[in-house]
Amino acid sequence: MAGGQVKCLSVIGFSLICLNMVASTKTAPKIPTIDQAYSKISNSITVEWATVPGATGYLLTARDGNAVIETVVASSPGTVTGLKAATLYQITIRSISPAGRSQASPPKQAKTVLAAPILQVSSPSPDSILVQWETVYMATGFSVSIMRANGLGRIWKENTTNTSLTFTSLDAGTLYTIKAYAWNASGTPGDDSTCNQRTGPRAPANIQVSFDSGSLKAYVSWAPTEGAFNYTVMALSDSSRLSCSTTFSSCTISSLQCGTEYLISVLATNDAGSSRSISAVTLRTVACAPGRVTIQEDPPGHLSVVWSSVHLGDYYVAFVKNDDGLEVRCNTSLTQCNFLSECGFTYFISVFAYNKAGQSPLGDVFNYTTAPCCPGDINPVLVSSDRVEIVWSPVRGAELYETKAVDGFSVVECNDTVPACTLSALECDTKYNITVYSFSEVRGSNTSCTSRFITTAPCSPEIKNVSKDAFSMINVYWRSTNDEATYTVTAQGEKGLHRCSSTGESCTLWGLPCGSVFSVTAVAETPAGRSLPSYSVPLETVPCCPASLTVTQVTQSVINVSWTVGTGAQTYVTALESHTGQSKCHTHQNHCLLGCITCGINYTVALKAISATGLTADCGYQSYSSSSCCPLGVKLYRLVPNGIRIHWQASRGSANYSTDLYGSKGIFTCAPSAGLSFCDITEIPCGDVYTVMVSPVAETGLKLTFCPKKIYSVTCSGSTLGMVIYRGKRNAV
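Residues numbered from 1 in each chain as written. Predicted model: local features only at pLDDT ≥ 70, side-chain atom pairs only at ≥ 80, totals over all residues. Heavy atoms only, no water.

- The chain is annotated in an unreviewed UniProt entry as Fibronectin type III domain-containing protein 7 of Neophocaena asiaeorientalis asiaeorientalis.

Have a look at this one:
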């Protein structure tokens, strides 16, 4: 029995202990149980549960994989926000009290609904609205509805799997509310989007246009259109664009242009767009005032008024009123009217254009004063080839005189208040039609005056070329535009005058001395007079050839050519030519050395005299034979008893030679017989040194001394000559 008590006591004791703990320590709240979890908004899930006694709050947890979102709420139901649309979450809940948090409830799955489509709306026409959106994740279809924003009228609702939808047959200019949402495969709707869109206004109709021709304004009216916030009236032409804007149903367009056809249209506008009137109204304004009005009195007494045609002008009226008050008019569909006029009157002319819109604006008013009489007794007097002096008697009504000289291509004018004029800068050898016009400031010139012809003196010729032919004749060529003129060419220099004449374009001067400078001019002459001389052209005749030329042999290969001075020559070129070659020298002196001459050859000598400007005179030719070549192999041989034989090798060609021995005891000479190449000296002193030279003898008999010399020593042997010893060579002296 005691054991049962223990056990009971134990039990009782344990209960007491538990009761003591509850009484002394707060315990955690109970675990709540989720009744349901659901989503009505794509970014949240709502949870419902039974209230836990003692709980002061609840911790809602939504888990998507590793992502966890927690929210503390006060009571059921509670909502977890910040979630992803169309996503499955594990939902748990914990109760919260001052003692702590409970364990998590068993999880419950809930999926967020689809996101709302993002709408783009517009009104492509006054009776339609286009709704567009982007694809929504997990959506299988969309529902779009539209109704008037004021709630009146029916609701249009359309389901579609596309991403755009157009509502038609709507009221123009009306504000509509559009609502759209997506649903998933199970048909659960997602979030919805709502926006407002107004349809465009209806196009204005019944356009009326009235035109004010005086102010160039157009008053435009039309029937009001529903939904239009404002209106813009546009007047378009080929060259301009005018407009006016208003919120009413009429508008005035100003600053219209005359002579212009406009297309008038009305544009109705609201926040959805604009609508232009279907058809434009054509407006034709009054024609512009005719321009380019010209007034002529041709012939005198007949006034002609001419103007340019204007666009939209149906006919014209020209008014002409003179200064005594008389007015006449001309009505025409053409662009010209003719009136009778009298000299000395001033006329006032204006021209208007007319069409159905009315009279054109006033253009310029023109004054026209008839011309004074023409001057008489005109007396032109030729002063020179480029001037004419004219004198006449004064005439009535002329304030100024205008003199014109016309040659068909150019006009020379002279204006003066006195009845005289000198026309200058005229063209030579030209026939002028000279007219004197009387002039008044307000009228201008009287163009009916008669003219008179006069021809000026001939033009000065222009020397184009001066040339010399093979016969020392000077040919002078010129250019001139004169008709039937005779030309005289003069060459003037220090040595006199030389002339030639011709009716053509060249002539020849004869007998001009060489080495002279001339100034050449040409003069033209016609019945009208004599021209001024042409510009002078310098003429230089070729230099004179030297009076004489001399050729002198200096050495076997060098000759000296000398000559007298030629008038006008600055330099000279002399040349020697043969079948073996040529030698030439250019010098400013009157002599020249020419080298590389071949001995025993016939040469032709030529000389040219050249002036400072390069003119050249070929001064003829003469022949020259170079000297015979110096002999070779000169040797001395002893002759018995006291003689010496001098032997050599003759050069090419035939030549005469002379032999000379120079010693301290005398000079010894011998000449060989023709055709021989040695000669003998019978008596010569021995014991001396001799210089031996064998020289060719020129045709003139002149002994040439430029051949080389040899030195020999002649010894004695008893009373006779001994050995002849060669001692060397000495240059020719």
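## Considering the overall build of the chain
- Along its length, the chain carries one helix and 62 strands.
- Here the C-alpha atoms of the chain give a radius of gyration of 68 Å, more than 25% beyond the 27 Å that 2.2 N^0.38 yields for 733 residues.
- Over its C-alpha atoms, taken along the principal directions, the chain stretches across nearly 210 × 135 × 45 Å.
- For the chain, the residues scored as buried account for 41% of the 733 residues in total.
- Taking as baseline every contact in the chain between residues at least 6 positions apart, the subset at least 24 positions apart corresponds to 56%.
- Taken as a whole, the chain presents about 39,300 Å² of accessible surface, with 52% of it coming from carbon and sulfur.
- The centroid of the 49 positive side-chain charges in the chain is displaced by 20 Å from the centroid of its 49 negative side-chain charges. (Helix = DSSP H or I, 4+ residues; strand = E, 2+ residues; numbered from the N terminus. Rg over C-alpha atoms; globule rule 2.2 N^0.38 Å. Buried < 20%, exposed > 50% of the residue type's maximum accessible area, 1.4 Å probe, protein only. Contact = heavy atoms within 4.5 Å. Areas by Shrake-Rupley, 256 points an atom, 1.4 Å probe, with all protein chains shown as cover. Lys, Arg positive; Asp, Glu negative; His and termini not counted. Charge placed at Lys NZ, Arg CZ, Asp CG, Glu CD.)

## A few points about the state of the cysteines
- Across all of its chains, the model carries 14 disulfides by this definition.
- The disulfide that involves Cys428 links it to Cys459, with 1.9 Å between the sulfurs. Note on the Cys428 and Cys459 pair: the S-S dihedral is about 105°, so by sign convention the disulfide is right-handed. Of this pair, Cys428 sits in the loop between strand S36 (420–423) and strand S37 (431–440) while Cys459 sits in the loop between strand S39 (451–455) and strand S40 (462–468), and the two are 31 residues apart along the sequence. (Disulfide = S-S within 2.5 Å.)

## Re the side chain of Thr61
- With respect to the element layout, Thr61 can be found in strand S3 (residues 57–64).
- Contacts of Thr61, omitting those with residues within four sequence positions, involve Val68, Ile69, Glu70, Gln90, Ile91 and Thr92.

## Brief notes about the UniProt feature "domain: Fibronectin type-III" (unreviewed entry) in the chain
- According to UniProt, the positions carrying the feature "domain: Fibronectin type-III" (unreviewed entry) are residues 28–115, 116–202, 203–288, 289–373 and 374–459.
- Along residues 116–202 the backbone is 0% helical and 56% strand, and the end-to-end C-alpha distance reaches 33 Å.
- The span residues 289–373 is 0% helix and 52% strand, and its two end C-alpha atoms sit 34 Å from each other. (UniProt positions renumbered as here; feature names shortened; annotations may be inferred.)

## Quick notes on the sheet that holds strand S44 (residues 506–509)
- Taking strand neighbours across the sheet as the criterion, the three strands line up as S40-S41-S44 in an open arrangement whose pairing is antiparallel. Each edge of the sheet is formed by a strand with only one pairing partner; in this case those strands are S40 and S44. Going across the sheet, the axis of each strand differs from the next one's by a mean of 20°, ignoring polarity.
- As paired strands, S40 and strand S41 (residues 474–479) are joined by six bridges and run antiparallel to one another. Note on S41: the bridge partner recorded for Ser467 is Asn475. (Pairing = 2+ DSSP bridges. Axes fitted to C-alpha atoms, helices over the stretch in contact; angles between N-to-C directions.)

## Quick word on the sheet that holds strand S15 (residues 189–198)
- In spatial order, the strands read S12-S11-S14-S15; together these four strands make up an open sheet with antiparallel pairing. At either margin of the open sheet sits one strand with a lone partner, and together these are strand S12 (156–160) and S15. Across the sheet, the mean angle separating the axes of adjacent strands is 15° when strand polarity is ignored.
- Direction of pairing for strand S11 (residues 141–148) relative to S12: antiparallel, over a ladder of five bridges. From the neighbouring strand, Ser143 faces S12, where its bridge partner is Asn159.

## As for the pairing of strand S33 (residues 387–391)
- Only one face of S33 is buried: it carries Val388 and Ile390, and the other face, with Arg387, Glu389 and Val391, is open.
- Relative to S36, S33 is paired through four bridges, and the arrangement is antiparallel. Across the sheet, the residue bridging to Ile390 is Cys421, located in S36.

## Things to note about the pattern of salt bridges
- Taken as a whole, this structure holds 11 salt bridges when the rule is applied.
- Between Lys179 and Asp192 there is a salt bridge, and its shortest N-O distance comes to 3.5 Å. Of this pair, Lys179 sits in strand S14 (residues 175–183) while Asp192 sits in strand S15; the two residues are 13 residues apart in sequence, bridging distant segments of the chain.
- Residue Lys179 is classed as partly exposed on the basis of its relative accessible area of 38%.
- Between Arg479 and Glu462 there is a salt bridge, with the nearest N and O atoms lying 2.7 Å from each other. With Arg479 in strand S41 and Glu462 in strand S40, this pair connects stretches of sequence that are 17 residues apart.
- Ionic contacts of the salt-bridge type, sharing partners, join the residues Glu462, Lys464 and Arg479 into one network. (Salt bridge = Lys/Arg side-chain N within 4 Å of Asp/Glu carboxyl O.)

## Topic: the confidence of the model for the chain
- Looking at the chain, pLDDT values average 86 and 93% of them are 70 or higher.
- Low pLDDT, under 50, characterises residues 1–25; the stretch is placed with four contacts to residues that sit more than four places away or in other chains. (pLDDT = per-residue confidence, 0-100.)

## Details of the pairing of strand S6 (residues 88–97)
- Counting buried positions along S6 gives seven out of 10 residues, so the element sits mostly inside the fold.
- Across seven bridges, S3 lies against S6 in antiparallel orientation. Bridging from a neighbouring strand, Arg63 pairs with Gln90 of S6.
- With four bridges joining them, S6 and strand S8 (residues 108–111) adopt antiparallel strand pairing. Each bridged residue has a counterpart across the sheet, and for Ile91 the counterpart in S8 is Lys108.
- With two bridges joining them, S6 and strand S7 (residues 100–101) adopt antiparallel strand pairing. Paired with Ser97 across the strands is Gly100, a residue of S7.
- Connecting S6 to the next strand, S7, in antiparallel fashion are two residues.

## Looking at the packing of aromatic side chains
- Considering all chains together, one arrives at 12 aromatic pairs under this definition.
- Seen in terms of ring centroids, Trp222 and Tyr231 are 5.3 Å apart; in terms of plane orientation they differ by 55°. Their pairing is tilted. Residues Trp222 and Tyr231 agree in their burial class; the two are buried.
- Seen in terms of ring centroids, Phe668 and Tyr690 are 6.0 Å apart; in terms of plane orientation they differ by 65°. Their pairing is edge-to-face. Taken together, the positions of Phe668 in strand S58 (residues 666–670) and Tyr690 in strand S60 (residues 688–697) put the pair 22 residues apart, joining distant regions of the chain. Judged on exposure class, the residue Phe668 and its partner Tyr690 are both buried.
- The ring of Phe453 is capped by Lys431, whose NZ or CZ atom sits 5.1 Å from the centre of that ring. (Phe/Tyr/Trp six-rings, centres within 6.5 Å; stacked < 30°, edge-to-face > 60°. Lys NZ or Arg CZ within 6 Å of the ring centre and 35° of its normal.)

## A short note on unusual backbone geometry
- Here the amide bond leading from Ser76 into Pro77 is cis, since omega sits at -5°, within 30 degrees of zero.
- By the secondary structure assignment, Pro77 is in the loop between strand S4 (67–73) and strand S5 (78–81).
- For Cys596, which is not glycine, the phi dihedral falls at a positive 60°.
- In this structure, Cys596 sits in the loop between strand S52 (591–594) and strand S53 (602–610).
- Note on Cys596: relative accessible area 76%, which makes it exposed.

## Description of the nonpolar core
- Within the largest apolar cluster, 21 residues are counted, with the highest numbers of intra-cluster contacts made by Trp222, Val233 and Leu256.
- Elements with a contribution of two residues or more to this core: strand S17 (217–223), strand S18 (230–236), strand S19 (241–246), strand S20 (250–253) and strand S21 (261–270).
- Counting residues per element, this core draws most heavily on S21, which supplies four residues.
- Ignoring sequence-local partners within four residues, the contact set of Leu256 consists of Phe211, Leu216, Lys217, Ala218, Leu242, Tyr262, Leu283 and Thr285.
- Ranked by size, the runner-up nonpolar core spans 19 residues in total, among them Tyr572, Leu576, Cys592 and Tyr624. (Core = buried A, V, L, I, M, F, W, Y, C linked by side-chain atoms within 4.5 Å.)

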